[in-house]
Amino acid sequence: MSAKNVVIIIGAGASHGCASPSFHKLIWNQDFRPPLAKDLFIPNKSTAGILQSYSGANALSQHIRSQADVPGIEVTLRDLMASGDSDVRKAANHIPLYLRHLFEGVSQNYLPNMSTNYDLLFTRILLLGIERVTFISLNYDTFLEAAIERHFRKRLVRMEDYLDFRPGWSLIKLHGSCNWYRKVIGARLDAVDYMSALDIPELRESLSRTVVTHSEAGEIFGPNRVCHYPALVVPVVDKYDVSCPPSHYQFAVESVRSATHIFSFGFSFKDDDVLTLLAHAASLEAVSIINGSEAHSSIEYQRPILERLERLCPNVYKVAGAISPFLNYDFLGALTSNYLELALAD
């Protein structure tokens, strides 16, 4: 196989479907199945306590649930985060805290110490002899990191570890991670506890630009009043922000620019920040959009995606628009078929 530069986009649908069907009876806690955006604020018996731990997120959650269909959770979250009322903004500051805690619980409890479809993805890529691959994850969970540790005995302790965990292999978490933080520059020095230290309306404007892992951050709230806040992007409509280090984003730009093949698993193509990144593509041979739903095979679903690609990513559209890039596989189906082999064939 000739040299291929592969970019694999990992959306929420991939983690939602990361368990092998044969594991369903072994899953310790189905309540911690990775949620899709529409289900983020619908607690169950295992996750209700997490939501209740963050009074602001809990206070806003009923409103968020009531708006789930119209105008939708992404629009509702955008309006809450940008509210003109300082008390609403203070309450909304708890949303990233809740999401970080929720996805930490998801990562630890859904498939503890079990292999996932991410392990299968790694194995198939290794067997195909692909030497350069960049995973661009839009998820907060750490299932990919766990698969990396199982396969390559490599723990991603520092930020630079993500860019070269295996020669030619890298992981970019564009929207942040449940184990990433930023230092709060404007934290209240007289605060008696973590939540009090964050009780400022313009909290997000008081964050350091430097993103660190949990290991690098050390104490999240320590006796020296060092205070850290989750480094993740709240799922607002169009997502106009990224929450990874600038060096990671630049690495992603270069990876997309040189990519010959782009695969997308479980991503809706609604996020402008991702499409802006994909606009850098310059060497594409093939694009594959794998969504795994009958609804996604309809012209009504596909047309707006192709229109967005044509408008924001002309080089991607040039390749994707020539054939139907939409594949009615779920994550596991695409990996257990011979689809990857055919897509990457010389």
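Let me begin by describing the structure that accompanies this report. (Residues numbered from 1 in each chain as written. Predicted model: local features only at pLDDT ≥ 70, side-chain atom pairs only at ≥ 80, totals over all residues. Heavy atoms only, no water.)

**Some points on the overall build of the protein chain**
Within the protein chain, the regular secondary structure consists of 16 helices and nine strands. Split into buried and exposed, the 346 residues of the protein chain put 53% on the buried side. Split by element, the accessible area of the protein chain, about 15300 Å² in all, is 52% carbon and sulfur. (Helix = DSSP H or I, 4+ residues; strand = E, 2+ residues; numbered from the N terminus. Buried < 20%, exposed > 50% of the residue type's maximum accessible area, 1.4 Å probe, protein only. Areas by Shrake-Rupley, 256 points an atom, 1.4 Å probe, with all protein chains shown as cover.)

**With respect to the packing of aromatic side chains**
Following the criterion strictly, the structure yields twelve aromatic pairs and no others. Taking 5.4 Å as the distance between ring centres and 75° as the angle between the ring planes, the aromatic pair formed by Phe 152 and Trp 169 counts as edge-to-face. Pair noted here: Phe 152 is in helix H8 (residues 143–152) and Trp 169 is in strand S3 (residues 169–173), with a separation of 17 residues, a long-range link. The class of Phe 152 is buried, set by a relative accessible area of 17%. For Trp 169, a relative accessible area of 1% puts it in the buried group. Through a chain of ring-to-ring contacts, the aromatic side chains of Phe 122, Phe 135, Phe 152, Phe 165 and Trp 169 assemble into a single cluster. (Phe/Tyr/Trp six-rings, centres within 6.5 Å; stacked < 30°, edge-to-face > 60°.)

**A short note on the pairing of strand S2 (residues 132–137)**
Consecutive side chains of a regular strand alternate in pointing toward one face of the sheet and then the other. For S2, the buried fraction is high: five of the six residues fall into the buried class. Pairing of strand S1 (residues 5–10) with S2, which is carried by six bridges, proceeds in the parallel orientation. Looking at the pairing, Asn 5 lines up with Arg 132 of S2. Note: S2 against S3, five bridges, orientation parallel. Note on S3: the bridge partner recorded for Ser 137 is Lys 173. In this view, the connection linking S2 to its parallel neighbour S3 by way of H8 has right-handed handedness. (Pairing = 2+ DSSP bridges. Right-handed = clockwise from strand over helix to strand, strands pointing away.)

**Some words on the side chain of Thr 116**
Note that Thr 116 resides in the loop between helix H6 (94–109) and helix H7 (117–128). Here Thr 116 falls in the buried class, since its relative accessible area comes to 6%. Only 3.1 Å separates the side chain of Thr 116 from the backbone nitrogen of Tyr 118, close enough to count as a polar contact. With near-sequence residues (within four places) excluded, Thr 116 lies in contact with Cys 18, Leu 111 and Arg 150. (Polar contact = N/O pair within 3.5 Å; in protein donor to acceptor, adjacent residues only side chain to side chain. Contact = heavy atoms within 4.5 Å.)

**Here we look at the pairing of strand S6 (residues 228–232)**
Where burial is concerned, most of S6 is hidden: five out of the five residues are buried. Taken together, the four bridges between strand S4 (residues 176–184) and S6 define a ladder with antiparallel strand orientation. Opposite Tyr 181, over in S6, you have Pro 230 as the bridge partner.

**What about unusual backbone geometry?**
Of note, the phi angle at Asn 113 is positive, near 60°, even though the residue is not glycine. Among the secondary structure elements, Asn 113 is positioned in the loop between H6 and H7. One non-glycine residue with positive phi stands out, namely Arg 153, at about 50°.

**Here's the deal with the nonpolar core**
Taken as a class, soluble globular proteins show a tendency for nonpolar side chains to be buried jointly. In this structure, Ile 8, Phe 41, Ile 95, Tyr 98, Phe 135, Ile 136 and Leu 278 are the most contacted members of the largest nonpolar core, which totals 105 residues. If sequence neighbours within four positions are ignored, Ile 136 has contacts with Val 7, Ile 8, Ile 9, Ile 10, Ile 172, Leu 174, Ala 252, Val 256 and Leu 277. (Core = buried A, V, L, I, M, F, W, Y, C linked by side-chain atoms within 4.5 Å.)

**Remarks on the pattern of salt bridges**
Within the structure shown, the criterion is met by 14 salt bridges. Across the salt bridge formed by Lys 173 and Glu 145, the nearest N and O atoms sit 2.8 Å from each other. Of this pair, Lys 173 sits in strand S3 while Glu 145 sits in helix H8; the two residues are 28 residues apart in sequence, bridging distant segments of the chain. Lys 173 gets classed as buried once you look at its relative accessible area, which sits at 1%. (Salt bridge = Lys/Arg side-chain N within 4 Å of Asp/Glu carboxyl O.)

**So, H8**
Among the ten residues of H8, seven are classified as buried, and the element is accordingly described as predominantly covered. Where H8 terminates, the next one or two residues include Arg 153, which has phi positive at roughly 50°.

All quantities given are derived from atomic positions and should not be read as evidence of function.
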